[in-house]
Amino acid sequence: MAYVKKPLKDKVKPSKLDKKQFTIEPSAASEETIVLLFETEDDASKAARIDKLSVVGLPTSGAGVTDIVWVNNFWIKKADDDYLNGVTYHVQLKDRPGMSLVYFDGVNVLAYQQTPIPLPEGWIDISLNVGDPSLGWGGKG
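Positions within a chain are numbered from 1, following the residues in the order the chain's sequence is written. The predicted origin of the model limits local features to residues at a pLDDT of at least 70 and limits the giving and counting of side-chain atom pairs to 80 or more, whereas totals for whole chains, interfaces and linings rest on all residues. Water and hydrogen atoms were dropped before computing side-chain values, which therefore reflect all heavy atoms in the structure.

**Quick word on the overall build of the chain**
Working definition: helices are DSSP H or I runs of at least four residues, strands are E runs of at least two. Numbering for both runs from the N terminus. The number of helices and strands found in the chain is one helix and twelve strands. If you list the helices and strands of the chain from N to C, you get β-β-β-β-α-β-β-β-β-β-β-β-β. Radius of gyration: C-alpha atoms only; globule rule: 2.2 Å multiplied by the number of residues to the exponent 0.38. Computed over the C-alpha atoms, the radius of gyration of the chain is 14 Å, within 12% of the 14 Å expected from 2.2 N^0.38 for a compact globule of 141 residues. Across its three principal directions, the C-alpha atoms of the chain cover 40 × 35 × 25 Å. The 141 residues of the chain split such that 38% are buried. Any two residues whose heavy atoms approach within 4.5 Å at even a single point are treated as in contact. Partitioning the intrachain contacts of the chain with sequence separation of at least 6 by distance along the chain shows that 67% fall at a separation of at least 24. Whether a residue is buried, partly exposed or exposed follows from its accessible area with a 1.4 Å probe, protein chains only, as a fraction of its type maximum: under 20%, in between, or over 50%, in that order.

**Some points on the pairing of strand β6 (residues 65-77)**
For a regular strand, the rule is simple: side chains alternate between the two faces of the sheet. Summarising burial for β6: ten of the 13 residues are buried, a large majority. In terms of strand pairing, strand β5 (residues 49-53) meets β6 through four bridges, oriented antiparallel. Bridge pairing in β6 places Ile50 opposite Ile76. Pairing between β6 and strand β12 (residues 134-140): six bridges, direction antiparallel. Following the sheet pairing, Asn72 is matched in β12 by Leu135. Two strands make a pair as long as DSSP finds a minimum of two bridges between them.

**Concerning the sheet that holds strand β3 (residues 21-24)**
Within the open sheet, the six strands sit side by side as β2-β3-β4-β7-β11-β10. Their pairing is antiparallel. In this open sheet, the two edge strands, each paired with only one partner strand, are β2 (12-14) and β10 (117-118). Where β3 and strand β4 (residues 34-38) come together, four bridges link them in antiparallel fashion. Residue Gln21 lies in a different strand from β4, and its bridge partner there is Leu37.

**Some points on the side chain of Asp132**
Among the structural elements, Asp132 can be located in the loop between β11 (123-128) and β12. Among the residues examined, Asp132 registers a relative accessible area of 8% and is labelled buried. Within the local environment of Asp132, its side chain forms a polar contact with the side chain of Lys5, the two groups lying 2.3 Å apart. Not counting residues up to four positions away in its chain, the partners in contact with Asp132 are Lys5, Leu53, Asn73, Phe74, Trp75, Tyr83, Phe104, Asp105 and Gly106. Polar contacts here mean pairs of N or O atoms no more than 3.5 Å apart (in protein, one a potential hydrogen donor and the other a potential acceptor; neighbouring residues in sequence count only if both atoms are side-chain atoms).

Functional significance is not addressed by these values, which are geometric in nature.
Here's what the structure looks like:
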């Protein structure tokens, strides 16, 4: 099945306490909630739109990883509807020890190369600067 970008309604929740933070809720059984956190309010203000996207049809392998389970998918767009690329932000998600973290940039599945920062209760913090990532975990091929 080919991947089709389809925004899903009511899945992105801005924080009431922090203008830099958004929670992106799951829409499928394989998915989980993630937290998106911009480094500054100025960076957050550049994001005119953040939408949750479906994971249906995303690749199941790539970057030397197989059996990818996509845990969330979203895009960040500027006011002109282009992707907000080049602005660093953080994503907090549940760790899956023994599995490889990957992201899909719309063309290729790429291995996440940086070391995630451990957080309490089995979560990790990663940084990205691409406006249209899908996040997933898979086993080494």
